[in-house]
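# Tertiary structure, described
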Amino acid sequence: MQKITREVLIEKAASLLNEGVVSAVYGWKKGEFVYDVTPALFTTTEELEKEFVWGDFCGANFSKYLVASTRKIEGKILVFLKPCDTYSFNQLLTEHRFDREKVYAVGIPCEGMADVSKVKAAAGEGIIAIESTEEGLAVTTLYNDAPVVVPYAEALAERCINCKSKKHVAYDELIGEEGDVLESGRFDQVAELEAMTPDERFAFWQNELSKCIRCNACRDVCPACTCEKCVFNNPVSGAETKAPMGTFEEKMFHIIRAFHVAGRCTDCGECSRVCPQDIPLHLLNRKFIKDINTHYGEYQAGAEVGSRAPLVNYTTEDVEPCDVFERGDKNA
Amino acid sequence: MQVNEKKPLIVAFCCNWCSYAGADLAGNNRLAYPADVKIIRVPCSCRVNPMFILRAFQRGADGVIICGCHPGDCHYTSGNYFTRRRMAMLFSMLDYLGIEKERTRVEWVSAAEGAKFAATMNDFAEKVAALGENKRLEDLRCKR
Ligand code: SF4
Ligand code: SF4
C-alpha cells in the first residue's frame, strides 16, 4: 500500500543524523506482533538500520510525542508526518505545546493505513506474518498453510477510507508530491445516526459505549488532549474507573472527552485506532465537527497555525441552544 | 419515602447578576414556581462546566436549566456568549446520544424578569414531569 519505502526513510534519517541537523529520530519499531508497530526514538544510524520498520501498520501520529520529548532532548528531533498528522502538529503549535525550533518535520505521503481488526476478521486470528504484495496484504496465520491475501481496500482503516486530506499543512521538507484536501464522506455516518429516533440512538450508543473498559487509551493518544492534569485522573471524582454496564458514567466519560477536544479535534482518527474495543469514537468527534461547521462556519482544526478554535470564540448572532435541535419532527 | 408521586427534581444554575436576582424578584412578588427547583448560584452562566450538568443528572436530577443574562448584558461582557456556544454543542451531543432534549434548557432571564423566571420554571418543570423519571442519565452509584 505505501509507496515510499523503508530505505528512503532510513536514508533521510541517517543523513540528517550524520549531518548533525537532528539528534534524534522518531520512527517505528517492531512490536510484539507483526502488526503492533511501536513508536520509538532512534539516535544512531546503527539502530535505524537494525530496528526501523515502515509499513501499513505505521499509523501512529507522532505529533503528541513531541510535547514531552522536545523538553527532554537536546537538539532537534526528526519526525515523519503523514498528511493527517500535520494537522495535529499545527494544532499543538497553535496551543503552544512545543517549540517549533526543536523539530525537523519531514512530510511523507500516505496511501492509507491498515486496520488490524479488519485484517483479523478477513484472515483469522493467530497472525504470524504479514507481507505487502501487489494484490494486498498476504497474511500467514498459525492455522493456514498458504497466506491469505486481504485486498488493501478491505484492510483500510476507517479513518483512511474517509481521509480528509492528502495535503501536508506543515513540514520542513517533503518526500514525494503534495496532495490535495479531499472530499470525504466522513459525516455520512453521523447523518445516518441523526436520522434515527432518540430511542434507536440511545440503544446504539448504549451498546457501543458499554463495551468501554476505561483504559483511557483514547485520551492518552489524542494530540488534542495534552493537559498535564486530567479531570479523569482525579481519584476522588469516583469517575476514574470502569463503570458497571448500564450506568451513565461511561457515557459521561465519552461526552466530556469529546467535549474537551471539540473545536480542537483535527479528526486524525487516533482515538478510534487505539481503542481495544473498537468503539467508533470518531462518530462523537465528527458530530461536534459537523455541528460546528453547520452553526459556526466551516472550521478545520490545525489547517493553519494560530486560528481561533470555535468554542473559545463567539459572535453576537450565534444560534440559541434550543434551536440546534431543529432537524425536523423525528426528534420529537 | 415518597412512593407514587415522584416530583421532578430540577437543578437551576443561575447567574449571580441576573437570573439569581430574577429568582429573588419572583419570590418578592410572591410568584409561585415549583419547590423542587434547586437553585445553584454561579458567578456567571459560563461558569457552568458541562461536567456540572452531567453530574447533576447522574445524582438524580430530572432536568437541568441554565439561566443567564440576556446576550449582550453579561456582567463580564462576553461570558454568556461562550455559554451559548458550549451549551448548544453539549445539548446537541446529548440529543445525539438519544437523551431527551426537554431535560436541558438555557434561558436568558434578567434581574427585572421575576415573572419570566417563575413562568420559565413552571413550564420547564411541567415538561420534565411529562417525561417522567430520568433513567438514561442517572448513575446509581452516585445517588445519595
Ligand atoms: S479526538 Fe481522536 S480524532 Fe480528534 S484529535 Fe483526538 S485522537 Fe485525533
Ligand atoms: S480506548 Fe476505547 S476502551 Fe479505552 S477508554 Fe477509550 S473508548 Fe474506552
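The paragraphs below set out a description of the structure included in this document. Along each chain, residue indices are assigned from 1 in the same order as the chain's sequence is written. Lettering of chains starts at A and numbering of ligands starts at 1, both following the order in which they are written. The model is predicted, so local features are restricted to residues of pLDDT at least 70 and side-chain atom pairs to those at 80 or more, both for listing and for counting; the totals for chains, interfaces and linings are taken over all residues. With hydrogens and water set aside, each side-chain value is computed from the structure's full complement of heavy atoms.

Our next topic: the sheet that holds strand β1 (residues 10-15) of chain B. Residue and element names in this part refer to chain B. By this definition, two strands are paired if DSSP reports at least two bridges between them. Labels follow the DSSP assignment, with helices taken as runs of H or I lasting at least four residues and strands as runs of E lasting at least two, numbered in each case from the N terminus. A sheet is described by the order of its strands in space; here four strands give the open sequence β2-β1-β3-β4, paired in parallel fashion. The outermost strands of the open sheet, each flanked by one partner alone, are β2 (37-42) and β4 (104-108). Each neighbouring strand pair of the sheet contributes to a mean axis angle of 20 degrees, computed without reference to strand direction. In terms of strand pairing, β1 meets β2 through six bridges, oriented parallel. Residue pairing in the sheet places A12 in a bridge with I39 of β2. In what follows, residue pairs with any heavy atoms lying within 4.5 Å of each other are defined as contacts. A fitted line through C-alpha atoms serves as each axis, taken over the contacting stretch for helices, and the angle formed by two N-to-C directions is quoted from 0 to 180°. On top of the sheet, helix α3 (residues 79-96) reaches β3 (63-68) and β4; it is set at about 160 degrees to β4, its chief contact.

Two cysteines, two sulfur atoms, one covalent bond between them: this is a disulfide. Any two cysteine sulfur atoms lying within 2.5 Å of each other are counted as a disulfide. A complete count under the given rule lists one disulfide over all chains for this structure. Disulfide pairing is shown between C18 of chain B and C69 of chain B; the S-S distance is 2.4 Å. Where C18 of chain B bonds to C69 of chain B through sulfur, the torsion about that S-S bond is close to 100 degrees, and the disulfide is right-handed. Within this pair, whereas C18 of chain B is found in the loop between β1 and α1 (19-28), its partner C69 of chain B is found in the loop between β3 and α3, the two being separated by 51 residues in sequence. Each residue's exposure class comes from its accessible area (1.4 Å probe, protein chains only) as a fraction of the maximum for that residue type: buried when under 20%, exposed when over 50%, partly exposed otherwise. Using a relative accessible area of 2% as the deciding quantity, one classes C69 of chain B as buried. Not part of a disulfide, C110 of chain A finds its nearest cysteine sulfur in C160 of chain A, a span of 5.6 Å. In this structure C14 of chain B is not part of a disulfide, and its nearest cysteine sulfur, from C67 of chain B, lies 4.4 Å away.

One side-chain nitrogen of Lys or Arg within 4 Å of one carboxyl oxygen of Asp or Glu is enough to make a salt bridge. One pass over the full model with this rule turns up 28 salt bridges over all chains. Linking D220 of chain A and R219 of chain A is a salt bridge whose minimum nitrogen-to-oxygen distance equals 2.9 Å. Where R85 of chain B meets D318 of chain A, a salt bridge forms, and the shortest distance between an N and an O atom there is 2.8 Å. Within this pair, whereas R85 of chain B is found in helix α3, its partner D318 of chain A is found in the segment after α13 (282-296), the two belonging to separate chains. Assessed through its relative accessible area of 5%, R85 of chain B is described here as buried. For D318 of chain A, a relative accessible area of 8% gives the class buried.

All names here are of chain B. The span you would expect from a helix comes to 1.5 Å times its residue count less one. Taking 1.5 Å per residue, 18 residues should reach 26 Å; helix α4 (residues 114-131) reaches 26 Å between its end C-alpha atoms and fits that length. Inspection of α4 places G114, F117, A118, T120, M121, F124, A125 and V128 among the buried residues, and these make up the whole buried set. In an axial view of α4, the angular spread of the buried residues amounts to 160 degrees, which keeps them on one side of the axis. What points out from α4, more than 90 degrees from its buried face, is the exposed set A115, E126 and A130. Within this analysis, the arc is defined by the directions that extend from the helix axis to the C-beta atoms.

What follows covers the interface of chain B and chain A. The partner chain A presents 49 residues to the 34 residues of chain B that form the contact. When chain B packs against chain A, close to 4,000 Å² is buried across both sides, 66% of that on carbon and sulfur atoms. Taken as a group, R85, M89 and Y96 of chain B account for 23% of the area that chain B buries against chain A, more than any other trio of residues on that side. The tally of links from chain B across to chain A stands at four salt bridges. For the salt bridge of R201 of chain A with D95 of chain B, the shortest nitrogen-to-oxygen distance reads 3.4 Å. Polar contact is the term for a pair of N or O atoms within 3.5 Å; when the atoms are in protein, one must be able to donate a hydrogen and the other to accept it, and sequence-neighboring residues count only if both atoms are side-chain atoms. Put simply, chain B and chain A have 13 residue pairs in polar contact (both at pLDDT 80 or more) between them. For the side of chain B that touches chain A, the secondary-structure elements that each account for two or more residues are α2 (50-58), α3 and β4 of chain B. When residues of the side of chain B that touches chain A are assigned to their parent elements, the largest contribution, 15 residues, is made by α3 of chain B. Split by residue class, the side of chain B that touches chain A holds 20 nonpolar, four polar and 10 charged. Two parts lose some accessible area (1.4 Å probe) when they are put together, and adding that loss for both gives the buried area. Polar here means any residue outside two lists: the nonpolar Ala, Val, Leu, Ile, Met, Phe, Trp, Tyr, Cys and Pro, and the charged Asp, Glu, Lys and Arg; Gly therefore counts as polar.

Now for the pairing of β1 of chain B. Residue and element names in this part refer to chain B. Burial of β1 is extensive: six of the six residues sit out of reach of the surface. Side chains I10, A12 and C14 of β1 all project onto a buried face; the interleaved residues V11, F13 and C15 project onto the opposite face, where all are buried too. Following the chain from β1 across α1 to the adjacent parallel β2, one finds a crossover that is right-handed. Crossover handedness is defined by viewing with both strands directed away from the observer: a clockwise path from the first strand over the helix to the second marks the crossover as right-handed.

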